[in-house]
Amino acid sequence: MSTLRIGIDVGGTNTDAVLLGAAGELLARTKTPTTEDPIDGITKALGAVVGTHANDISTVSLGTTHALNAILRRRELGRVAVLRLAGPATQSVQPFAGCPEDLRAAVDGGSWIVRGGVEIDGRVHPLDVAEVRGVLAQCAGVDGIAIAGSFSLQDPVQELEAAALVREVLGSEISVSLGHQVGGIGLLERENAAILNASLGGIVGGVIDAFVAALATHGIVGTPYLTQNDGTLMSVEQARALPVLTIGGGASNSIRGAGVLTGLADALVIDVGGTSTDVGALAQGFPRESAFGVELGGVQTNFRMPDVVSIALGGGTIIGTAGELGPESVGYRLPEQARVFGGDVLTLSDCAVAAGRAAMGDTSLLGGATWSEVLASADLLVADAIDRMKLSRGDVPVVLVGGGSAILPATLPGASELLRPADFDVANAIGAAVGLVSGDAEHVLNLGRGREAGIEVVRSDAAARALLAGADPALLETIRIDEVSLAYTDPPMSRLRVKVAGPPLA
Amino acid sequence: MRVCAGETGVRKSLTVQLDLSNIARYAHGCAVLGTGGGGDIRIPLMIAQAAIAECGPVAVIRPEELADDALVLPVGGWGAPTVCIEKFDSGDEGRLLCEAAERWFKRPVAALMASEIGGGNGVQLVSWCARMGLPLIDADGMGRAFPEGDMCTMHIAGVSPAPAFFADERGNVMTTHPIDALWHERIARHLVLVSGGVIAGADHPMDAATVPEATIPDTVSLALAIGEALERDGVDGVLAVAGGRRLVTGKVVDVERLTSGGFARGVVTVEGTGVDAERVVSIQVQNENLIASESGRTIACTPDLITIVDAGTGEAISTERIRYGQRVTVIGMPCADVWRTPRGLEIAGPERFGYDGPWVPIEAAGL
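Residues numbered from 1 in each chain as written. Chains lettered and ligands numbered in written order. Predicted model: local features only at pLDDT ≥ 70, side-chain atom pairs only at ≥ 80, totals over all residues. Heavy atoms only, no water.

S.K.: So, the overall build of chain B: which residues are in play, and what are the values?
M.R.: For chain B, the helix and strand inventory stands at 10 helices and 17 strands. Since a compact globule built from 367 residues should have a radius of gyration of about 21 Å, the 19 Å found for chain B is in line with a globular shape. If one aligns the C-alpha atoms of chain B with their principal axes, the spans along those axes are about 60 × 40 × 40 Å. Scored against the burial criterion, the 367 residues of chain B give a buried share of 63%. (Helix = DSSP H or I, 4+ residues; strand = E, 2+ residues; numbered from the N terminus. Rg over C-alpha atoms; globule rule 2.2 N^0.38 Å. Buried < 20%, exposed > 50% of the residue type's maximum accessible area, 1.4 Å probe, protein only.)

What follows is the structure, given as structure tokens:
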């Protein structure tokens, strides 16, 4: 019976993988170095955990940094033509405004603002079909088309109409990215999301092909999924259509994994690596998201990423001669360069060993010195990050994960308890393995037309997206409803986001 | 009489134009003067940058540099900030407003002026100036941001809002002749709805000779100086340039949001940290930050300016972007003297917003 799950997380240093049993118990785990072509490390990690269970796997979830790296390094990006449906409104800021020149050089396949757009009250300004056809005639040879219209989240009808025209003029092979499918409120950010999405079709498509081939190599029968920004999963079909949503899986996976390892739904999660420490929050079982959109490779988008405070503090942080903390780190060279391992660099790990917090290497190499002031100032930084992330004044449970978490003390201000679960160093792969499948929708709600009915519209939109992503329709749950009222609207309006999620369809 | 900027010597360092090198600093200064409202500066800044890149820098002038009978047009945007991030300027609005005014007055517009310097409204019109080749008057009608169009110094000075001109991004142009400032506000709100949530407007047209007695002088230079000080010295720089006081530095521990009458109302509570430990300051919000109080005692109150800025960078945080956990400094700045007159307080004092008076000047708080 297929009841086992595999989770894989490709990080900057390591590719981690786990095999989980039917009850979520850890059956196998591996850490291998991330390879130049990450797919080699993925194949190797799969081989290391699958053992004799190739026929018993129900799902294989992959969190990968391929798409993010392509954007950051401006490599393997497709050329995109941009069609904005809003004219004559919005002509004062052209597509690609604010985009770094090198990214634009890699991606810009021409841009046009054509007549059209939807109003907040639902009125639609018709497209000039001849104008759109004329523009598309100039788009031959691009790898993808990004289409974004004003208020397309209110009514996607016009983006869909334009997409049909693209198919008609340029054929059904070309990749078309629609703003309402990839972005939230904010036309420029949504347009940027559609542009990035259209430019990532090639590279993410290649990763998916290789991932599926790696599963075949090992004879693994399970359904493949990719993890996305909010820590949930999507099917490979949806990932091919919406590749940009795979960019932020890493931090989310750690936070989700910490929840699974401890059984907590609400907690802070401190992930200590060699160089930096990320403090994130688990809220109702999911990573709390940033309140605002993030910048990606220099481009403003409206993706919500996990809300994380990062501090330059890790196991490899170098201590200066006057006791100053980093920010430099010996990183993955800790086992050669730290004093406890016979090296000549004083690191935070050495201080932790001297204080009895951590046990590693040869304590006698430290010569009996203690660095209590160094540790105190490190603890203060972590306590401050905890305070920044807390949602209320009371103390909260804190889960420690990541290879460097041994440097932290037994108690921290703001933490009601510090939990150090077993297998804390593969929490990210565990988080990927147990991911739910979700759908998100955001609308501006006209409260004059009835609030409950409006919420239902947004909820069913989110549910439709979750089903497309591969969720089990019988087990969908509403995870979150966020509502913000809008100023100067008559009738009163609010901005509503709904997230629903359920386990992957077996 | 000139207040604040002129007396603090800001004038001496005035850059007499807004160009690509200083427009972002200017916009951040406008955000500080926005007291949490006035619209987000991000898209207006992009619009202004595009227009300057295309058409060149904008000259900033004093009204005295114009002939007494030269036509000065106060302009600004009306509408919902959320609409502005989905549909924004075509870029033609400034031309449509000027042409409408010129058709009526049968003489050219000599300069534009911000109706409201605070927030995006202080920034958007820079693009119109650039595209029209018109100078920007170093003054405005509020010295900050306010939620309603009648809360302006031209109203205090008795300048009629009529004729008022409106243009939307589709090219519709409307001229209205409201009988007073309140009717002007009422009519404009309806035009905003017809045009789908945002509209560009010009009102209280004036001769250059009237500008000094009906506006707050030197606010463009002040915004630029605040932006420069912010970049250089963070919060301390802002306080020095704006004559402001640090009301509290701490952490946002509560954000209570209510909606009534089309306004985003709420209460933001800031718990002091460091030297302010044990202090708790709450701020009443109605689109803008209106009253700051501590232990039931008012420590700053509209029309004085209250702005919440990032404790680290000094950048202003608009009302919609305040979130639990942010590390902030709340700063208070004295408003222009004209707002402290009985008529000014009637139009923009605490009672106007439904709070108990009387108004307490920020200087009396003893902070």
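S.K.: Can you break down the overall build of chain A residue by residue, with the values?
M.R.: Each helix and strand in chain A was counted, giving 14 helices and 23 strands. Taken over the C-alpha trace, chain A has a radius of gyration of 24 Å; the compact-globule value for 506 residues is 23 Å, and the two agree within 12%. The C-alpha extent of chain A, read off along each of the three principal axes, is 80 × 55 × 45 Å. Sorting the 506 residues of chain A into buried and exposed places 56% on the buried side.

S.K.: Explain the packing of helix 2 (residues 66–73) of chain A against helix 7 (residues 187–217) of chain A residue by residue, including any values.
M.R.: Residue and element names in this part refer to chain A. The interhelical angle for the contact between helix 2 and helix 7, taken along N-to-C directions, is 130 degrees, at an axis separation of 9 Å. Comparing the axis directions of helix 2 and helix 7 gives the class oblique. In terms of crossing hand, the pair formed by helix 2 and helix 7 is right-handed. Residues H66, A67, A70 and I71 of helix 2 pack against L196, L200, I203, V204 and V207 of helix 7. Each residue belonging to the contact of helix 2 with helix 7 can be placed in one class, and the counts come to eight nonpolar, one polar and no charged. (Axes fitted to C-alpha atoms, helices over the stretch in contact; angles between N-to-C directions. Parallel < 35°, antiparallel > 145°, perpendicular 65-115°, else oblique. Left-handed = near helix turned anticlockwise from the far one by under 90°. Contact = heavy atoms within 4.5 Å. Nonpolar A, V, L, I, M, F, W, Y, C, P; charged D, E, K, R; others polar.)

S.K.: An account of the domain arrangement of chain A is needed here, citing residue identities and associated values.
M.R.: How big an interface is tends to be stated in terms of accessible area lost as the parts join. Domain annotation of chain A identifies domain 1 (75–201), domain 2 (309–431) and domain 3 (436–502). The centre of domain 2 of chain A, based on its C-alpha atoms, is set 41 Å off from the matching centre of domain 3 of chain A. (Domains from an automatic or database assignment.)

S.K.: Provide a residue-level description of empty space enclosed by the protein, including the pertinent values.
M.R.: Which parts of space are left empty comes out when a probe the size of a water molecule is rolled across the atoms. Residues and elements named next belong to chain A. Applying the stated rule across the entire model yields five cavities of 30 Å³ or more. Along the walls of the largest cavity sit F96, C99, L103, V107, N192, I195, L196 and V299, which together make up its complete lining. If you list the elements that add at least two residues to the lining of the largest cavity, you get helix 3 (101–107) and helix 7. Ranked by residues supplied to the lining of the largest cavity, first place goes to helix 7 with three residues. For the lining of the largest cavity, the per-class residue count stands at seven nonpolar, one polar and no charged. (1 Å grid on protein atoms, 1.4 Å probe; cavity = no way out; pocket = protein on both sides within 12 Å on 5 of 7 lines; lining within 4 Å. Points joined across faces, edges and corners; volume = space filled by probe spheres on them.)

S.K.: Could you give me a rundown of the pairing of strand 1 (residues 4–10) of chain A, with the residues and numbers involved?
M.R.: All names here are of chain A. Across the seven residues of strand 1, six count as buried, placing the element largely inside the fold. One ladder, built from six bridges, connects strand 1 with strand 4 (residues 57–63); its direction is parallel. If you follow D9 over to strand 4, its bridge partner there is G63. Both strand 1 and strand 2 (residues 14–20) contribute to a ladder of six bridges, which runs antiparallel. Each residue of the ladder has a partner; that of I6, found in strand 2, is L19. Connecting strand 1 to the antiparallel partner strand 2 that follows it, the hairpin turn spans three residues. (Pairing = 2+ DSSP bridges.)

S.K.: Describe in detail the sheet that holds strand 7 (residues 144–149) of chain A, supporting the description with residues and values.
M.R.: Residues and elements named next belong to chain A. Strand order in this open sheet of four strands is 6-5-7-8, and the pairing throughout is parallel. Unpaired on one side and paired on the other, strand 6 (108–115) and strand 8 (175–178) mark the two borders of the sheet. If you compare each strand with its neighbour and ignore which way they point, the axes differ by 20 degrees on average. Note that strand 5 (residues 80–87) and strand 7 share six bridges and pair parallel. Bridge pairing in strand 7 links V82 to A146. Along the sheet face, helix 5 (residues 157–170) touches strand 5, strand 7 and strand 8 and points at about 155 degrees away from the line of strand 7.

S.K.: Which residues make up the interface of chain B and chain A, and what values go with them?
M.R.: Facing 39 residues of chain B, the contacting portion of chain A comprises 45 residues. Among the residues chain B hides against chain A, the three largest losses belong to E86(B), R170(B) and R327(B). Together they make up 21% of the total. The interface formed by chain B and chain A contains six salt bridges. A salt bridge links R327(B) to D387(A), with the shortest nitrogen-to-oxygen separation between them at 3.1 Å. (Buried area = accessible area lost by both parts, 1.4 Å probe. Salt bridge = Lys/Arg side-chain N within 4 Å of Asp/Glu carboxyl O.)

S.K.: Break down the nonpolar core for me, with residues and values.
M.R.: L18(B), Y26(B), L112(B), V126(B), L136(B), I137(B) and W339(B) are the most contacted members of the largest nonpolar core, which has 87 residues in total. Considering every element that reaches this core, the biggest residue donor is helix 9 (residues 219–242) of chain B, with 13 residues. Among residues more than four places away in sequence, those in contact with L112(B) are L73(B), V75(B), C98(B), L125(B), W128(B), C129(B), L134(B), P135(B), L136(B) and I137(B). One finds I8(A), I39(A), L215(A) and L296(A) within the second-largest nonpolar core, a separate group that totals 73 residues. (Core = buried A, V, L, I, M, F, W, Y, C linked by side-chain atoms within 4.5 Å.)

S.K.: Talk me through the domain arrangement of chain B; I want residue IDs and the actual numbers.
M.R.: All names here are of chain B. Here the domain parsing of chain B yields domain 1 (10–221) and domain 2 (244–365). Contacts between the two partners involve 27 residues from domain 1, matched on the other side by 29 residues from domain 2. The junction of domain 1 with domain 2 conceals about 2100 Å² of combined surface from both sides, 64% of it contributed by carbon and sulfur atoms. In this structure, the connection of domain 1 to domain 2 is made through two salt bridges. A salt bridge links D150 to R352; the nearest nitrogen and oxygen atoms lie 2.9 Å apart. Applying the counting rule to domain 1 against domain 2 returns 10 residue pairs in polar contact (both at pLDDT 80 or more). Elements with a contribution of two residues or more to the side of domain 1 that touches domain 2: helix 1 (23–33) and helix 6 (153–157). (Polar contact = N/O pair within 3.5 Å; in protein donor to acceptor, adjacent residues only side chain to side chain.)

S.K.: Please give an account of unusual backbone geometry that cites residues and values.
M.R.: The omega angle of the peptide bond from G87(A) to P88(A) is 0 degrees, so this bond is cis rather than trans. Along the chain, P88(A) falls in the loop between strand 5 and helix 3. Residues A162(B) and P163(B) are joined by a peptide bond in cis, for which omega reads -10 degrees. You can see P163(B) is positioned in the loop between helix 6 and strand 6 (164–167). For F151(A), which is not glycine, the phi torsion reads 55 degrees and is therefore positive. Take F151(A): it is sitting in the loop between strand 7 and helix 5. Its identity as a non-glycine residue notwithstanding, T35(B) has a phi of 45 degrees, on the positive side. Note on placement: T35(B) falls in the loop between helix 1 and helix 2 (42–55).

S.K.: Give a detailed account of helix 9 of chain B, specifying residues and quantitative values.
M.R.: Residues and elements named next belong to chain B. Over its 24 residues, helix 9 runs only 10 Å from end to end, short of the ideal 34 Å by more than 12%, given 1.5 Å per residue. Of all 24 residues making up helix 9, 18 are buried, and the element is well covered by its neighbours. Looking one or two residues past helix 9, G243 carries a phi angle of roughly 65 degrees, positive in sign. (Expected span 1.5 Å × (residues − 1).)

S.K.: Outline the packing of aromatic side chains, supporting the account with residue identities and numerical values.
M.R.: Residue and element names in this part refer to chain B. Under the defined criterion, the tally for this structure stands at three aromatic pairs over all chains. Considering the side-chain rings of F146 and W339, the 5.1 Å spacing of their centres and the 70 degrees angle between planes classify their relative orientation as edge-to-face. Taken as a pair, F146 in the loop between strand 5 (136–140) and helix 6 and W339 in the loop between strand 17 (327–333) and helix 10 (342–348) lie far apart in primary sequence, 193 residues in all. Ring geometry for F146 against F353: centres 6.5 Å apart, planes inclined by 25 degrees, an arrangement best described as stacked. One end of the pair, F146, is in the loop between strand 5 and helix 6; the other, F353, is in the segment after helix 10, and 207 residues separate them in sequence. The buried category is assigned to F146, whose relative accessible area is 3%. Its relative accessible area of 8% is what places F353 among the buried residues. (Phe/Tyr/Trp six-rings, centres within 6.5 Å; stacked < 30°, edge-to-face > 60°.)

S.K.: Break down helix 1 of chain B for me, citing the residues and quoting the values.
M.R.: Residues three or four positions apart in an α-helix share a direction because the helix packs 3.6 residues into each turn. The buried fraction of helix 1 of chain B amounts to eight of the 11 residues, a majority that puts the element mostly inside the structure. Listing the buried residues of helix 1 of chain B in full gives I23(B), Y26(B), A27(B), G29(B), C30(B), A31(B), V32(B) and L33(B).

S.K.: Describe the pairing of strand 13 (residues 280–286) of chain B, and please don't skip the residues or the numbers.
M.R.: Residue and element names in this part refer to chain B. Across the seven residues that make up strand 13, a large majority, five, are buried. With six bridges connecting them, strand 13 and strand 14 (residues 288–294) associate as antiparallel partners. Bridging across to strand 14, V281 finds its partner in E294. Hairpin connection from strand 13 to strand 14: one residue lie between these consecutive antiparallel strands, with N287 at a positive phi of about 65 degrees.

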